[in-house]
Amino acid sequence: MLGGVFHAATLFLVAAGLQLVFGVQKIVNLACGSFYALGAYFGVSMVTWALGAGAPQLLLLAILLASGILLAAIGPVVERVLRTIYGRDESFQMLLTFALVLMFEDVIRFFWGTSPHQMGNLYLVYGQLKAGGLTIPVYNLIVIAAGGLIAALMGGMLQRTRFGRIVRATAENPRMSAALGVDITRVYVRVFTLGTALGTVGGALVIPVTAAMSEMGIDLIVEAFAVVVIGGLGSMRGAFVGALIVGVLRAVAIATYPEMEMLAIYIIVIGVLVIRPAGLFAKAAT
Amino acid sequence: MTTTRRNFLKGLGGAAVAAGAHLDAASAFAQSGPIKIGVLPIKAGIAAQTGEFGLRGVQWATDRINASGGILGRKIELLVEEESSPKDTVERFRKLALQNKVDAVSGGISTGVGLALGPVAEELKTLWLSWDATTQKGVEESMPKAKYAFRSCDNECEAVMASILTARYFRGKIKTVAGINPDYSYGRDNWAAFVAIMKKYNMGVTPVLDLWPKLGTTEFTSHVAALQQAKPDLIFSSFWAADASIFLKQAHAVGMTANTKFVFPVAGLVHETLKKAFTPEGMILGYNTMYFEMANPSPLLRQFTKEHYEKFREWPSYESDHGYFTIVAYKAAVEKAAKASGGKWPSTDQIIQALEGIEAESLSGMRRYREDHIMEANFYQGLTTHKNRYDFVTIDPVVMMTTKQVQKPSGVGLYDWINSWKV
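Residues numbered from 1 in each chain as written. Chains lettered and ligands numbered in written order. Predicted model: local features only at pLDDT ≥ 70, side-chain atom pairs only at ≥ 80, totals over all residues.

Visitor: I keep staring at the overall build of chain A and nothing clicks. Help me out?
Guide: Secondary structure summary: chain A contains twelve helices and two strands in total. Shown N-terminal to C-terminal, the secondary structure of chain A runs as helices and strands in the order α-α-α-α-α-β-β-α-α-α-α-α-α-α. Relative to the 2.2 N^0.38 estimate, which gives 19 Å for 286 residues, the radius of gyration of chain A is 19 Å and therefore close to what a compact globule would have. Counting only C-alpha atoms and orienting by the principal axes, one finds that chain A spans roughly 55 × 45 × 35 Å. When each of the 286 residues of chain A is scored for burial, the buried share is 51%. Considering only intrachain contacts with a sequence separation of at least 6, the fraction spanning at least 24 residues in chain A is 78%. (Helix = DSSP H or I, 4+ residues; strand = E, 2+ residues; numbered from the N terminus. Rg over C-alpha atoms; globule rule 2.2 N^0.38 Å. Buried ≥ 20, exposed ≤ 12 C-beta atoms within 10 Å, placed from the backbone. Contact = placed C-beta atoms within 7 Å.)

So, in C-alpha cells, the structure goes:
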C-alpha cells in the first residue's frame, strides 16, 4: 500500500502540472513527462556538484528541491514556443508538445549521454523506519509528505491568494479577465512555469530512489493521462484523487494479480469514461 | 525496321546481358575500393547504452584492421545507421543494401528487430552479422536454414547458465523462489527456463510469485512490497538495463538484500550501475559473453579494456565483444575464402561458406559461427563481491561455461535438450 502511495505522490506532481496548464491555458502538454526526466538528471548533477563542494548529505532534500525549482526556469522559454499554438486545434498542440518530448530526449543525451545516471545510495541518508517487521525508507515518507504538502499548497494558492483568484478567473474566461485588466500573457507564463516546476521537482525528488533515464518521462505521461481521465481534465483535486487511485490500485494488483498491473488501471479508466466521461472532478482549475 | 515480339525480347535479353556485364564491372571496381560495412546500433531508449558499447567494439576492430592494412589490402568503411523499431530498422537495412551497396551489415540487438531483419537479409541477399539479436520465436529458431543471416547465441543461454549455478551454489539453501522479469519474450523465456532447470535438478523449490513489470520501468516500490509479502528465499531477475540497479536499490532500502538470494543472469551488461552500496555480495551475476576483469586476460582484452577506459571513462560490457567479433569473423572469412580461391576477392557466397564454422579470436577468447549460423562463445558468471577497487560489484569466482554447455544444439528444442541432461 505504501509503495502505491509513494508512486501516487510522484504521479500526482506530473499530473498536477498537466492539469494546471490544461486548466488555464487549454494546452495538452505532453512535455510534462520531459520536465520530470530533466528534473531527475539535473537533480543528480546538482547533488553530485553540491556534495563535491562539501555540502552535507543531510541537505539532500533541500538541494533536490532547489534544483527542481531552478530548472523550472526553462518554463518561460517553452511557454514562448507554445504561445504560437494557443487556440489552435488540440492535434497541433499534441504534435508540438510531442516534438518537445523528442527534443528533450536528445537534449538529455547531449548533456548526460546514454548511460542511466544515479547517485550511489543517498536514498538511505535519512535512515529507515522499522515497524511491525517492515522496513520503510524514511525518504519514501518524505516524498509522500512532499506530494501531500505541494497538493495542499497548490489548493491553498488557487483558492486563497490573489494570484490564485486571477488564475481561476483566467481559466474560466480569459477574455473577460483581460477586459478586467489581467495581463493574460504574464499569467500564462507564470502558470506554465509553475506547471513545469511541478514536473521538475517531481523528477528531482524521485531520483534518489531510482535512476535517471532519458525516456523515463514517457511512461509517466501515459500514467498521468490515466490519472487525468479518472480525475477529470483540468482539475487539481482530480489529479490528487486520480493519482492515489492509480498508484494504490497498481500496488494492490501487483500484490494480488501481477498480470493485472496495467489492466486494472485501464478498467477503471474505461469505467470512468463510460459512467462519468468528464472525470470524477471535472471542473477547470479547482 | 519493324520490331517483332521476338526481336524485342532478344533486345531485352541483350540489354540484360550488357547490364549484367556492367554490374560485374561495377563489382570488380568496388572490390578495389573500401569494404563498406553498414552498422545498426541502437541510439535511443533503454538500450542506447548497449548500442553504444556494440558500436565501440565494431569501431575498435575496424580501426585496428585498417591500421594494419585492411582486409586483403582493402580498408573498411563503416556506414552507421540506427536500430530502432523493426519497421524502421528494416528500411535502414534496405537503404544500406540497395543504395549504399554495403558488403555486409553488422548490428541488431533486439530479437524483435532480428526477426524482421533475417528475412530481409535473405531477400536482398545481403550478409547480416547480428550482435545480440537472434531470429528466435520464443526459444525456438525461426530460420533454421538461413543463408545470409548470421545471428547471436540463443537468448536464454545466460538463464540456463545462471540456473545451473543456482543449483551449484544454493542447493539445500532455498525452498521458495520468485521471479521479477521484464514483460516480454526474453524475460518470460528466461523465467520458464529457470523454473524448468530447477525441476530438472530436483531442487525442491516452489515458485511463489512471478512479477512482470514493463521493460523500462523505473519504479519498483510496489513490486518490492509484493516480494516482501511473498518472502521468497531467492529472486531471479532478467533485468539488464537501469531496472537492475533501481530494483536492487529499492529492495536494499527495505532490508530485502540482507537475507534473500539473488540471481541476475545478465545485469553484468550494466555492471557499473550495480553499486556496492546496495548490491549484495554472493549474488549470482552474469556478464554474458565478456567479463571486463578477468584474472588472466588475453593481451587483446587487456588492450581493449585499457583503451576503452582511457577514452570513455567506462569499463566495457559484452556488447562490445559481439560487435568486435562480427568484424573479425568477416575478415577471417574473407581471408579464408580468398586463400581457397587463389587470392582473388571472394564472392558473397564464398564468404558465407567460409563463415560457416569459422573461428576467430574475439575480446573474450575464441568465438565461432556454427554451421547453422548461430554464434558460439564463452559465458561468464559468478558470485558478486565487494572486494575490488571500484564502487560497484565484480564477481569472484569467475565461472566460464561454453555454449556447448549452455546452448541447445542445432535443431533441438530447448526443453527436450534440458530434459536430456544427466544431472
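We are not done yet, so read on.
Visitor: When you look at the overall build of chain B in this model, what are you seeing that I'm missing?
Guide: For chain B, the count of helices and strands is 13 helices and 17 strands. A compact globule built from 423 residues should have a C-alpha radius of gyration of about 22 Å, and chain B, at 24 Å, falls within 12% of that. Projected onto its principal axes, the C-alpha positions of chain B cover 90 × 45 × 40 Å. By residue count, 52% of the 423 residues in chain B fall in the buried class. Partitioning the intrachain contacts of chain B with sequence separation of at least 6 by distance along the chain shows that 69% fall at a separation of at least 24.

Visitor: How do you make sense of the interface of chain B and chain A when you look at a structure like this?
Guide: Often the size quoted for an interface is simply the accessible area lost on bringing the parts together. Facing 31 residues of chain B, the contacting portion of chain A comprises 32 residues. If you list the elements that add at least two residues to the side of chain B that touches chain A, you get α2 (48–67), β9 (206–211), α7 (221–230) and α8 (242–253) of chain B. At seven residues, the largest contribution of residues to the side of chain B that touches chain A is made by α7(B).

Visitor: Would you explain helix α12 (residues 261–275) of chain A in this entry?
Guide: Residues and elements named next belong to chain A. For α12, built from 15 residues, the straight-helix expectation of 21 Å at 1.5 Å per residue is met to within 8% by its first-to-last C-alpha distance of 22 Å. By the burial criterion, the buried members of α12 are E261, I265, V269 and V272. For α12, the angular spread of buried residues about the axis comes to 65 degrees, placing them on one side. Turned more than 90 degrees off the buried face of α12, the exposed positions are L263, I270, G271, V274 and I275. Buried-residue contacts for α12 involve α10 (216–231) and α11 (236–256). (Expected span 1.5 Å × (residues − 1). Arc of directions from axis to C-beta.)

Visitor: I would appreciate a short explanation of the sheet that holds strand β12 (residues 284–286) of chain B in the present structure.
Guide: Across a sheet, strands are paired by hydrogen bonds formed along the backbone, either parallel or antiparallel in direction. Residues and elements named next belong to chain B. Strand order in this open sheet of seven strands is β9-β8-β10-β11-β12-β16-β17, and the pairing throughout is mixed. Edge positions in the sheet fall to β9 and β17 (394–402), since each has one partner strand and no second. Each adjacent strand pair in this sheet contributes to an overall mean axis angle of 20 degrees, direction not counted. (Pairing = 2+ DSSP bridges. Axes fitted to C-alpha atoms, helices over the stretch in contact; angles between N-to-C directions.)

Visitor: When you look at the packing of helix α2 (residues 32–52) of chain A against helix α3 (residues 60–71) of chain A in this model, what are you seeing that I'm missing?
Guide: Angle between the axes and distance between the axes are the two parameters that describe a pair of packed helices. Residue and element names in this part refer to chain A. It is at 9 Å that the axes of α2 and α3 come closest, and there the two elements cross at 130 degrees. Considering their axes alone, α2 and α3 lie oblique with respect to each other. You can see that α2 and α3 cross each other, and the crossing is right-handed. Residues L38, G39, F42, G43, M46, V47 and A50 of α2 form the contact with α3, whose own contacting residues are L60, I63, L64, S67, G68 and L71. (Parallel < 35°, antiparallel > 145°, perpendicular 65-115°, else oblique. Left-handed = near helix turned anticlockwise from the far one by under 90°.)

Visitor: Before we go on, may I ask you to explain the domain arrangement of chain B in this structure?
Guide: Residues and elements named next belong to chain B. When its domains are assigned, chain B resolves into domain 1 (33–153 + 300–376) and domain 2 (157–288 + 378–420). Just the C-alpha atoms count here: the centres of domain 1 and domain 2 sit 28 Å apart. When grouped by side-chain class, the residues that make up the side of domain 1 that touches domain 2 number seven nonpolar, six polar and six charged. (Domains from an automatic or database assignment. Nonpolar A, V, L, I, M, F, W, Y, C, P; charged D, E, K, R; others polar.)

Visitor: What am I meant to see in the pairing of β9(B) here?
Guide: Across a regular strand the side chains alternate sides, sitting on one face of the sheet and then on the other. Residues and elements named next belong to chain B. Judged from the five bridges that link them, strand β8 (residues 176–180) and β9 form a sheet pairing that is parallel. Paired with G179 across the bridge in β9 is D210. In terms of handedness, the path from β8 via helix α6 (residues 185–200) over to β9 forms a crossover that is right-handed. (Right-handed = clockwise from strand over helix to strand, strands pointing away.)

Visitor: Quick question: what am I supposed to make of the nonpolar core here?
Guide: Where a protein is soluble and globular, its nonpolar side chains tend to be buried together. A:A15 and B:A329 are the most contacted members of the largest nonpolar core, which has 219 residues in total. Counting residues per element, this core draws most heavily on helix α1 (residues 2–25) of chain A, at 15 residues. Looking at which domains feed residues into this core, each of domain 1 (33–153 + 300–376) and domain 2 (157–288 + 378–420) of chain B supplies at least three. What B:A329 contacts, discounting residues up to four positions off in sequence, is B:L129, B:L355, B:I358, B:A360 and B:Y369. (Core = buried A, V, L, I, M, F, W, Y, C linked by C-beta atoms within 7 Å.)

Visitor: Help me understand unusual backbone geometry in this model?
Guide: In most cases, non-glycine residues show a negative phi, while peptide bonds are predominantly trans. A cis amide bond links B:D396 to the next residue, B:P397, at an omega of 5 degrees. When you line up the elements, B:P397 lands in strand β17. Despite not being glycine, A:K26 shows a phi value in the positive range, around 60 degrees. In this structure, A:K26 sits in the loop between α1 and α2. Note on A:K26: 16 C-beta atoms within 10 Å, which makes it partly exposed.

Visitor: I would appreciate a short explanation of the sheet that holds strand β13 (residues 359–362) of chain B in the present structure.
Guide: Residues and elements named next belong to chain B. Strand order in the open sheet formed by three strands is β13-β14-β15, and the pairing between neighbours is antiparallel. Of all strands in the sheet, those bounded by a partner on one side alone are β13 and β15 (375–376). Running over the sheet, helix α10 (residues 318–340) touches β13 and β14 (365–369) and is turned about 140 degrees from β13.

Visitor: Honestly, α2(A) in this entry has me stumped. Any pointers?
Guide: Side chains that are three or four residues apart share a direction in an α-helix, a result of its 3.6 residues per turn. All names here are of chain A. Along its 21 residues, α2 runs 30 Å from first to last C-alpha, staying within 8% of the 30 Å computed at 1.5 Å per residue. The buried fraction of α2 is high, at 15 of 21 residues. Phi turns positive, to about 100 degrees, at G54, one or two residues after α2.

Visitor: How do you make sense of the pairing of β13(B) when you look at a structure like this?
Guide: Residue and element names in this part refer to chain B. Covered by surrounding structure in β13 are A360 and S362 only, the residues E359 and E361 on the alternate face being uncovered. Strand direction decides the pairing type here: β13 and β14, joined by four bridges, are antiparallel. Considered in β14, the bridge of E361 is made with M366. Linkage of β13 to β14, two consecutive antiparallel strands, is achieved through a turn of two residues.

Visitor: Would you mind showing me how to read the environment of B:G286 here?
Guide: Residues and elements named next belong to chain B. Along the chain, the position of G286 falls in strand β12. Distance in space between the C-alpha atoms of G286 and I395 is 8.9 Å, their sequence separation being 109 residues. When residues no more than four places from it in sequence are discounted, the contact partners of G286 are E158, M161, A162, F264, P265, V266, G268 and Q381.

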